[in-house]
There are 2 protein chains.
Amino acid sequence: MIGNFTYCNPTKLYFGKGALEGLNSELPKYGKNVLLVYGGGSVKRNGIYDKVVAVLKANGKEIYEDAGVMPNPTIEKVKEGVERARAANADLILAVGGGSVCDYAKAVSVSVHCEEDIWEKYFVRFEDVSCKVVPVGCVLTMVGTGSEMNGGSVITNHEKKLKIGHVFGENVYPKFSVLDPEFTFTVPRYQMISGIYDIMSHILEQYFSGTDDNTSDYLSEGLLRSLIHSAEIAAEDPLDYEARSNIMWTATWALNTLIAKGKTTDWMVHKIGQAVGAYTDATHGMTLSAVSMPYYRLILPYGTPKFARYAVNVWGVDPANKTEEAVAYEGLKRMEAWMKKLGLVMNLTDLGATREMLDGMVESTLMNGGGYKVLSKEDVRAVLLASF
Amino acid sequence: MIGNFTYCNPTKLYFGKGALEGLNSELPKYGKNVLLVYGGGSVKRNGIYDKVVAVLKANGKEIYEDAGVMPNPTIEKVKEGVERARAANADLILAVGGGSVCDYAKAVSVSVHCEEDIWEKYFVRFEDVSCKVVPVGCVLTMVGTGSEMNGGSVITNHEKKLKIGHVFGENVYPKFSVLDPEFTFTVPRYQMISGIYDIMSHILEQYFSGTDDNTSDYLSEGLLRSLIHSAEIAAEDPLDYEARSNIMWTATWALNTLIAKGKTTDWMVHKIGQAVGAYTDATHGMTLSAVSMPYYRLILPYGTPKFARYAVNVWGVDPANKTEEAVAYEGLKRMEAWMKKLGLVMNLTDLGATREMLDGMVESTLMNGGGYKVLSKEDVRAVLLASF
């Protein structure tokens, strides 16, 4: 059943080769001060920075820089960005990078005109935005988070050992995003497959909840089949435009609210993975892959019919002459084999986690999720232990 | 491959039981003159009219009426609506009805401030809108066309024996749409299944084109599976909320541009069906079902791999020990059986068409479509002849 909801996703997308040209349609809508946000400098090495600056200059913009956004952006860095945006009197924040840079840009955008402690307001009390928002635009260079077309913003607080996501409303969504698959070609293989699993996890965490019949789950199965197929091709040949463009488009729809509409969701893999991230600073998608199999094996008995459906519809398991449970487990086995073949990290040790961090990671795990089983802290501990 | 495109769909949706409450959030955004557009009066009999009027009055609106929009709205009626909108100095056009009423409202909205001949401008020359657009909102009472979240507007010219659709840009999309599945419960069975086939045809006409690998096709397969499943339930029990809500949501995504992104499309079933509609004034979805099987059997040899994929992924045909061609035809056979079981019209005679209309219908068929085969006029004639 499709439960009650409202839906609106106003982000304008420019997709494909040469999509950066779309900036020429968007930039005139904003004032002249642009805060250009990016990460560690890869956009300078691969030439994307120069291309973006050229378009900004051609549109008569005043460029202010905010570089050095880290893969797991910190609240300290956000506060620095807020100061830069204020000093620039920014009319537009243009994020050039992956999900971290987009997430970061949104966190800055809702804080520039906010006088409160932004960690407390948005990431502890999860309050709505009550101030003016500086518009954000994105030029995506890495695929996975869906941040280019949603209100999500995940920020890390190292002092408190917390990595927390706030989902802002549609007024905080990027006004526009440029999605050129070729801009992702220089992403290192490890980052590419990490992003692929981030997408996978987004879909699964919305899929594995609920026992009713819901169109969203059929859409999720379609996205999963497309992703699995294209990921195998991209892993062999990262320069395969067809595969990379399909992955990029799948990523956007995996987390722009559509496939969660009218249904319940889970999200515990993200909650546990984010706790791992807070302790290890590991690449986001790999924290998810490392804990997924123990998590899904733990909850399978509580949602066996859905896991069996997943096995048949997504992994092509033949259900003939098998129990529902056997079908369900065979689906997870095929998924695990696919993950290993891609080269995803399958344990916490490889991410630099140690058993000494266990208590802390359990403590850091936000418990506001859960699909077929509402986890206890003991369950979280069991999942983490089984992930070493 | 995902080809280049831009995407933006800004329509705000209120979905579910009691979704009409959403009007309280939307109406304050517009001036006080509302042109209330509806059809033959069923909304008065089922009480929806009274509910809408109550919300309009509670929001202090001045209500101007434009009733009598017919199932295949005519250009004469559009011109009458334009006069009414001008006389009312309408700030908002609120369409209460099915796709025809929404289509009609959009045609009026782009013509109120336009001095040109609107048939010639929009439905012959297919020009862009160059005047101010009066905003449109929808309260949907019948499901199928997707008009609640797109720029489509199909208008009939009886004098010229033409039924033509113009797809307007995102500035013409409804600003908001209210989708309450219970509002569709009183739709007669014939209209309900006609709408279901309209949805089916929308998806198929975007799916059956192209030979590359494209995420959109996987999404289409998901929508098709959901629709086929829910349609069977709704045909048995039209008051099954789960099925009706899934059908309603599927209809929206079947034609709001998403599943056509980055790929080629077909649309010849609609072109031929619209020619039939221009001659018979038959219910839209039934004109599509009547010509579909002959059309798909004609083009199958030109797109056999896709028809085989359709058979396996959508209809669950087991491909083992069969030729691709055999698999493909088995898929169409299953589709045909499903159509007959639902009670769809499978021939033109049942729609009141006669062989005397054949030349005219061939002539009226717009040829600006085509997927696996670009049809000649002789092909169109063959499809129509095989549909008697």
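Residues numbered from 1 in each chain as written. Chains lettered and ligands numbered in written order. Predicted model: local features only at pLDDT ≥ 70, side-chain atom pairs only at ≥ 80, totals over all residues.

1. What to know about unusual backbone geometry
Then step 1. Phi is positive for Lys161(A), close to 55 degrees, though the residue is something other than glycine.
Then step 2. Within the secondary structure, Lys161(A) is located in the loop between strand E6 (152-157) and strand E7 (162-167).
Then step 3. Here Phe126(B), not a glycine, exhibits a phi torsion of approximately 50 degrees, which is positive.
Then step 4. In this fold, Phe126(B) is placed in the loop between helix H6 (118-124) and strand E5 (136-140). (Helix = DSSP H or I, 4+ residues; strand = E, 2+ residues; numbered from the N terminus.)

2. With respect to helix H11 (residues 284-299) of chain A
Residue and element names in this part refer to chain A.
Then step 1. For H11, with 16 residues, the first-to-last C-alpha span of 22 Å sits near the 22 Å given by 1.5 Å per residue.
Then step 2. In the structure, H11 departs most strongly from a straight axis at Ser292, where the bend amounts to approximately 45 degrees and where the proline Pro294 lies between one and four residues downstream.
Then step 3. In terms of burial, H11 is a largely internal element, 14 of the 16 residues being buried. (Expected span 1.5 Å × (residues − 1). Bend = angle between axes of the 7 residues up to and from the residue. Buried ≥ 20, exposed ≤ 12 C-beta atoms within 10 Å, placed from the backbone.)

3. Looking at the nonpolar core
Then step 1. Counting residues in hydrophobic clusters, the biggest one holds 259 residues, and the most contacted among them are Val37(A), Ile93(A), Val96(A), Val37(B), Ile93(B) and Val96(B).
Then step 2. If near-sequence neighbours (up to four positions away) are discounted, Val96(B) is found in contact with Leu36(B), Val37(B), Tyr38(B), Val43(B), Ile48(B), Tyr49(B), Val52(B), Val101(B), Val139(B) and Thr141(B). (Core = buried A, V, L, I, M, F, W, Y, C linked by C-beta atoms within 7 Å. Contact = placed C-beta atoms within 7 Å.)

4. Observations regarding the interface of chain A and chain B
Then step 1. Each partner contributes residues to the interface: chain A has 37 residues there, and chain B has 37 residues.
Then step 2. Those elements that provide at least two residues to the side of chain A that touches chain B are strand E1 (5-15), helix H8 (215-236) and helix H9 (241-254) of chain A.
Then step 3. A total of ten residues in the side of chain A that touches chain B trace back to one element, the largest contributor, which is E1(A).
Then step 4. Residues of the side of chain A that touches chain B, tallied by class, amount to 15 nonpolar, 15 polar and seven charged.
Then step 5. By the bridge criterion, seven bridges tie E1(A) to strand E1 (residues 5-15) of chain B in an arrangement that is antiparallel. Following the sheet pairing, Tyr7(A) is matched in E1(B) by Leu13(B). (Nonpolar A, V, L, I, M, F, W, Y, C, P; charged D, E, K, R; others polar. Pairing = 2+ DSSP bridges.)

5. Here we look at the relation of the copies chain A and chain B
Then step 1. Superposing chain A onto chain B takes a rotation of 180 degrees combined with a translation of 0.0 Å along the rotation axis, leaving an RMSD of 0.0 Å. Each copy turns onto its partner about a two-fold axis. Nearest to the rotation axis, the C-alpha of Pro10(A) is located 2.2 Å from it, this being the minimum over chain A.
Then step 2. When the interface residues of chain A are mapped onto chain B, 100% of them again lie at the interface, so the same face is used by both copies. (Least-squares fit on C-alpha atoms with pLDDT ≥ 70 in both.)

6. Here's the deal with the domain arrangement of chain A
Frequently, the measure chosen for interface size is the accessible area removed from exposure when the parts meet.
Residues and elements named next belong to chain A.
Then step 1. In terms of domain boundaries, chain A breaks down into domain 1 (12-184) and domain 2 (189-386).
Then step 2. Relative to domain 2, the C-alpha centre of domain 1 lies at a distance of 27 Å.
Then step 3. Elements that contribute at least two residues to the side of domain 1 that touches domain 2 include exactly E6 and E7.
Then step 4. Considered class by class, the residues forming the side of domain 1 that touches domain 2 number nine nonpolar, eight polar and three charged. (Domains from an automatic or database assignment.)

7. As for the environment of Leu288(A)
Residues and elements named next belong to chain A.
Then step 1. Tracing the backbone shows Leu288 in helix H11.
Then step 2. C-beta crowding within 10 Å serves as the criterion here: with 27 such atoms nearby, Leu288 is assigned to the buried category.
Then step 3. C-alpha separation for the pair Leu288 and Glu182, spaced 106 residues apart in sequence, amounts to 26 Å.
Then step 4. Beyond its immediate stretch of four places on either side in the chain, Leu288 contacts Tyr197, Asp198, Ser201, Val269, His270 and Gly273.

8. Observations concerning the packing of H8(A) against helix H8 (residues 215-236) of chain B
Then step 1. Interaxial distance between H8(A) and H8(B) falls to 8 Å at its minimum, and their mutual angle equals 150 degrees. Relative to H8(B), H8(A) is oriented roughly antiparallel. By crossing handedness, the relation of H8(A) to H8(B) is classed as right-handed. Mapping the contact onto sequence places Thr215(A), Tyr218(A), Leu219(A), Glu221(A), Gly222(A), Leu223(A), Arg225(A) and Ser226(A) in H8(A) and Thr215(B), Tyr218(B), Leu219(B), Glu221(B), Gly222(B), Leu223(B), Arg225(B) and Ser226(B) in H8(B).
Then step 2. When the residues that make up the contact of H8(A) with H8(B) are grouped by side-chain class, the tally is six nonpolar, six polar and four charged. (Axes fitted to C-alpha atoms, helices over the stretch in contact; angles between N-to-C directions. Parallel < 35°, antiparallel > 145°, perpendicular 65-115°, else oblique. Left-handed = near helix turned anticlockwise from the far one by under 90°.)

9. Some remarks on the sheet that holds strand E8 (residues 176-179) of chain B
Then step 1. Spatial strand order, E3(A)-E2(A)-E4(A)-E5(A)-E8(A)-E1(A)-E1(B)-E8(B)-E5(B)-E4(B)-E2(B)-E3(B): twelve strands in an open sheet with mixed pairing. The open sheet is flanked by strand E3 (62-66) of chain A together with strand E3 (62-66) of chain B, the only strands paired with a single partner. Between one strand and the next, the sheet's axes are offset by a mean angle of 25 degrees, whatever the strand orientation.
Then step 2. Sheet topology note: the strand E2 (residues 33-37) of chain B/strand E4 (residues 92-97) of chain B ladder contains four bridges and is parallel. Following the sheet pairing, Leu35(B) is matched in E4(B) by Ile93(B).
Then step 3. Where helix H3 (residues 48-58) of chain A meets the sheet, it contacts strand E2 (33-38), E3, strand E4 (92-97) and strand E5 (136-140) of chain A, and its direction lies at approximately 155 degrees from that of E4(A).

10. Some points on the environment of Asn46(A)
Residues and elements named next belong to chain A.
Then step 1. On the secondary structure map, Asn46 appears in the loop between helix H2 (42-45) and H3.
Then step 2. Residue classification places Asn46 among the partly exposed residues on the basis of 15 C-beta atoms within 10 Å.
Then step 3. Sequence-wise, Asn46 and Phe183 are 137 residues apart; in three dimensions their C-alpha atoms are separated by 8.6 Å.

11. Topic: the packing of helix H7 (residues 189-207) of chain A against H11(A)
All names here are of chain A.
Then step 1. Remark: H7 packs on H11, axes separated minimally by 7 Å, with the N-to-C direction vectors making an angle of 60 degrees. By the angle class used here, H7 and H11 are oblique. Remark: the crossing between H7 and H11 carries left-handed chirality. Taking contact as the criterion, the partners of Ser194, Gly195, Tyr197, Asp198 and Ser201 in H7 are, on H11, His284, Gly285, Met286, Leu288, Ser289 and Ser292.
Then step 2. Its residues assigned to classes, the contact of H7 with H11 shows three nonpolar, seven polar and one charged.

12. Some remarks on the pairing of E1(B)
Then step 1. Taken together, the four bridges between E1(B) and E8(B) define a ladder with parallel strand orientation. By the bridge assignment, Phe15(B) is partnered in E8(B) with Leu179(B).

13. Here we look at the environment of Lys333(B)
Then step 1. With respect to the helices and strands, the residue Lys333(B) is situated in helix H13 (residues 324-342).
Then step 2. Distance from Lys333(B) to Gly352(B), taken between C-alpha atoms, is 25 Å for residues 19 residues apart in sequence.

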